[in-house]
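Chain residues, written in single-letter form:
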2 protein chains.
Amino acid sequence: MTTGVRRRMGVEERRQQLIGVALELFSNRSPDDVSIDEIAAAAGISRPLVYHYFPGKLSLYEAALRRAADELADRFREPHEGPLGARLLRVMGRFFAFVDDHGPGFSALMRGGPAVGSSRTNAMIDEVRQAAYEQIVSHLGIAAPPARLELVVRSWVSLAESTALIWLDGRRIPRAELELQLVHDFAALAAVSAAYDAEMAGILVRILADEPSDGPFGELVGRLAGLVPGPPAGG
Amino acid sequence: MTTGVRRRMGVEERRQQLIGVALELFSNRSPDDVSIDEIAAAAGISRPLVYHYFPGKLSLYEAALRRAADELADRFREPHEGPLGARLLRVMGRFFAFVDDHGPGFSALMRGGPAVGSSRTNAMIDEVRQAAYEQIVSHLGIAAPPARLELVVRSWVSLAESTALIWLDGRRIPRAELELQLVHDFAALAAVSAAYDAEMAGILVRILADEPSDGPFGELVGRLAGLVPGPPAGG
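Residues numbered from 1 in each chain as written. Chains lettered and ligands numbered in written order. Predicted model: local features only at pLDDT ≥ 70, side-chain atom pairs only at ≥ 80, totals over all residues. Heavy atoms only, no water.

*Asks:* Before we move on, could you go through unusual backbone geometry and cite the residues and values that matter?
*Replies:* For R171 of chain A, which is not glycine, the phi torsion reads 45° and is therefore positive. Looking at the secondary structure, you find R171 of chain A in the loop between helix 8 (147-168) and helix 9 (175-195). (Helix = DSSP H or I, 4+ residues; strand = E, 2+ residues; numbered from the N terminus.)

*Asks:* Go over the pattern of salt bridges, please, and point to the residues and values.
*Replies:* The final tally for this structure, using the stated rule, is 36 salt bridges over all chains. Residues D37 of chain A and R47 of chain A are paired through a salt bridge, measuring 3.1 Å at the closest nitrogen-oxygen approach. Remark: R47 of chain A occurs in helix 3 (residues 47-53) and D37 of chain A occurs in helix 2 (residues 36-43); sequence separation between them is 10 residues. A relative accessible area of 42% places D37 of chain A in the partly exposed class. The salt bridge partner of R148 of chain B is E177 of chain A, with a shortest N-O separation of 2.6 Å. Of this pair, R148 of chain B sits in helix 8 (residues 147-168) while E177 of chain A sits in helix 9, placing the two residues on different chains. (Salt bridge = Lys/Arg side-chain N within 4 Å of Asp/Glu carboxyl O. Buried < 20%, exposed > 50% of the residue type's maximum accessible area, 1.4 Å probe, protein only.)

*Asks:* Provide a residue-level description of the nonpolar core, including the pertinent values.
*Replies:* Judged by nonpolar contacts, the single largest core of 158 residues is most densely connected at F95 and W156 of chain A together with F95 and W156 of chain B. Among all residues touching W156 of chain A, those that are not within four sequence positions of it are L88, M92, I136, L182, D185, F186 and L189 of chain A. (Core = buried A, V, L, I, M, F, W, Y, C linked by side-chain atoms within 4.5 Å. Contact = heavy atoms within 4.5 Å.)

*Asks:* Now, about the packing of helix 5 (residues 84-101) of chain B against helix 9 (residues 175-195) of chain B: what can you tell me, with residues and values included?
*Replies:* Residues and elements named next belong to chain B. Relative to each other, helix 5 and helix 9 sit at 135°, their axes nearing to 9 Å. Between helix 5 and helix 9, the interaxial angle falls into the category oblique. Crossing hand, helix 5 versus helix 9: right-handed. Here G85, L88, L89, M92, G93, F96, A97 and D100 of helix 5 come into contact with helix 9, specifically with R175, L178, E179, L180, L182, V183 and F186. Of the residues belonging to the contact of helix 5 with helix 9, the class tally is 10 nonpolar, 2 polar and 3 charged. (Axes fitted to C-alpha atoms, helices over the stretch in contact; angles between N-to-C directions. Parallel < 35°, antiparallel > 145°, perpendicular 65-115°, else oblique. Left-handed = near helix turned anticlockwise from the far one by under 90°. Nonpolar A, V, L, I, M, F, W, Y, C, P; charged D, E, K, R; others polar.)

*Asks:* Go over the environment of S155 of chain B with me, naming the residues and quoting the values.
*Replies:* Locating S155 of chain B in the fold gives a position in helix 8. In this structure, the C-alpha to C-alpha distance between S155 of chain B and L189 of chain B, residues 34 residues apart in sequence, is 8.8 Å. Ignoring sequence-local partners within four residues, the contact set of S155 of chain B consists of L159, S162, T163 and I166 of chain A together with L189 of chain B. A polar contact of 2.7 Å, which involves the side chain of S155 of chain B, links it to the backbone oxygen of L151 of chain B. (Polar contact = N/O pair within 3.5 Å; in protein donor to acceptor, adjacent residues only side chain to side chain.)

*Asks:* Let's hear about helix 5 of chain B: which residues, and what values?
*Replies:* Between the first and last C-alpha of helix 5 of chain B there are 26 Å, a value that for 18 residues agrees with the 26 Å anticipated at 1.5 Å per step. Of the residues making up helix 5 of chain B, those classed as buried are L84, G85, R87, L88, V91, M92, G93, F95, F96, F98 and V99 of chain B. (Expected span 1.5 Å × (residues − 1).)

*Asks:* Requested: an account of the environment of A42 of chain A, with residues and values cited.
*Replies:* All names here are of chain A. Note that A42 resides in helix 2. Judged by relative accessible area, A42 falls into the partly exposed class, the value being 30%. Linking A42 and E24, residues 18 residues apart in sequence, is a C-alpha distance of 9.9 Å.

*Asks:* Which residues make up the packing of aromatic side chains, and what values go with them?
*Replies:* Tallied over the full model, the rule gives 12 aromatic pairs over all chains. Taken together, a centroid distance of 5.6 Å and an interplanar angle of 70° make the contact between F96 of chain B and W167 of chain B edge-to-face. Of the two residues, F96 of chain B sits in helix 5 while W167 of chain B sits in helix 8, which places them 71 residues apart along the sequence. Here F96 of chain B and W167 of chain B have matching classes, each one buried. Each ring, one from W156 of chain B and one from F186 of chain B, has its centre 5.3 Å from the other, and the planes form 80°; the classification is edge-to-face. Here the residue W156 of chain B occupies a position in helix 8, and F186 of chain B occupies one in helix 9, the gap between them amounting to 30 residues. F186 of chain B carries the same exposure label as W156 of chain B, and that label is buried. Here the basic side chain of R154 of chain A rests over the ring of Y133 of chain A, its NZ or CZ set 3.8 Å away from the ring centre. (Phe/Tyr/Trp six-rings, centres within 6.5 Å; stacked < 30°, edge-to-face > 60°. Lys NZ or Arg CZ within 6 Å of the ring centre and 35° of its normal.)

*Asks:* Describe the packing of helix 9 of chain A against helix 10 (residues 198-209) of chain A, naming the residues involved and giving the relevant values.
*Replies:* Residue and element names in this part refer to chain A. Running from N to C, helix 9 and helix 10 cross one another at 135°; their axes reach a closest spacing of 7 Å. Considered as vectors, helix 9 and helix 10 are oriented oblique to each other. Crossing handedness for the pair helix 9 and helix 10: left-handed. Here A190, A191, S193 and A194 of helix 9 come into contact with helix 10, specifically with M200, A201 and L204. Of the residues contributing to the contact of helix 9 with helix 10, the split by class is 6 nonpolar, 1 polar and no charged.

*Asks:* Go over helix 4 (residues 57-75) of chain A with me, naming the residues and quoting the values.
*Replies:* Residue and element names in this part refer to chain A. With 19 residues, helix 4 ought to run about 27 Å at 1.5 Å a step, and its terminal C-alpha atoms sit 27 Å apart, in line with that. For helix 4, the complete set of buried residues consists of L60, Y61, E62, A63, A64, L65, A68, A69, L72, A73 and R75. Its buried side turned inward, helix 4 meets helix 1 (11-28), helix 2, helix 3, helix 5 (84-101), helix 6 (103-110) and helix 7 (119-140).

*Asks:* Break down the confidence of the model for chain A for me, with residues and values.
*Replies:* In the predicted model, chain A carries a mean pLDDT of 87, and the fraction of residues at 70 or more is 89%. Contacts of residues 230-235 of chain A to residues separated by more than four positions or lying in other chains number 5 contacts, the stretch itself having pLDDT below 50. (pLDDT = per-residue confidence, 0-100.)

*Asks:* Before we move on, can you summarise the side chain of R75 of chain B with the specific residues and values?
*Replies:* Residues and elements named next belong to chain B. Assignment of secondary structure puts R75 in helix 4 (residues 57-75). On the accessibility criterion, R75 (17% relative accessible area) is buried. What R75 contacts, discounting residues up to four positions off in sequence, is V91, R94, A97 and F98.

*Asks:* I'd like to hear about the side chain of S27 of chain A, residue by residue, with values.
*Replies:* Residues and elements named next belong to chain A. Structurally, S27 can be placed in helix 1. At 2.6 Å, the side chain of S27 forms a polar contact with the backbone oxygen of L23. Apart from residues lying up to four places away in sequence, S27 is in contact with D101, H102, G103, P104 and G105.

*Asks:* I'd love a proper account of the environment of W167 of chain B, names of residues and values included.
*Replies:* Residue and element names in this part refer to chain B. Since its relative accessible area comes to 6%, W167 is described here as buried. Each C-alpha atom, one on W167 and one on G103, is 9.9 Å from the other, the two residues being 64 residues apart in sequence. Apart from the residues within four sequence positions on either side, W167 is in contact with F96, V99, D100, R172, I173, P174, R175 and L178.

This is the structure:
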């Protein structure tokens, strides 16, 4: 949508345009630093007209966040086809692409600003986490996840968030490396849980049975075994 | 400190008493649900006298949070003695004891309430994370952590937070199991990073060289090797 469009837009079309313009501005600089004047200028309309569609910056921010949240939740959707490791890797690729596109806004949001104090904002973040959780569980093929599996999946979703936030602070590690690392982290967290709980071990063995032996999970264990000085096989 | 103390307290003593009373109330119920009247009643003083020491609930909440933050940061301090796995396990024991004692307040705080909007609150949380990060790094004996090690330690601190929050929601897994699991998670996250980066592999090998072969790290790898159907040794 270019600015300076001459024809008159309908109400909903104008709202959607403003949301898109605002989301781009909120994504590329800390939302606290973005003014309504800038949004109006970028949309090619007057400041009062922005207020005609949105009563204030918070409501426009929330609408932009709603769109971002829906888009982010979408990126966790993945066809139920092929090995699990490859599916997770595709999901992580789309997740990091989102983080890359919306860096400053993602950081500001997850670090508690600028709409802090809005329970609606927190609820939207929780919705995305829940959608991600449900997607991953559905790929594991577990109808009623036991508490330990729920913990592994939810804490892994949180790990993906914090890894992305730490990455954004300087981008000192290649993105693709972290996408693959998070797939391995999932296997590692599940394996730790499985190492001490029979039910989790059963679930993990079933998951790994469908993985190719040269897939990320099998490869990881081979590499780990090579790192440890102790006797992993004979001990 | 019992209520109804007859003698007059000094200003600082009274402030400290109010902070203690408030922290206990804020810890055991969501801070949003705790009123100044309750705090006054629990401290055995009048509501106006509470306002004499603290201008409002937010300032008392922030003072209580300051005390809690200092206490939590303290719990990450650990003597530099003995195997690393055992040190981390003691730290996790103290961390979960804190979470156990301050459950509802800890949840409310980390989920963005009730002092959301206060940048001082967020800064205090970040201070605790930073203190935990620096403690762990000091135990690893690394003067200038490379980016990948920093990521492992910071993301593990975040994993400990999210594991504690998920645990608080129903407490369906024994606390001691999660304390041990987080020690293993640390090893697992470090190992994943080491599996693909030579510098991290060097650091991990050095750490593991000081671990007893029957310690949590060695034990974990042995158990993992037994779980995976592929050929970890003969590959």
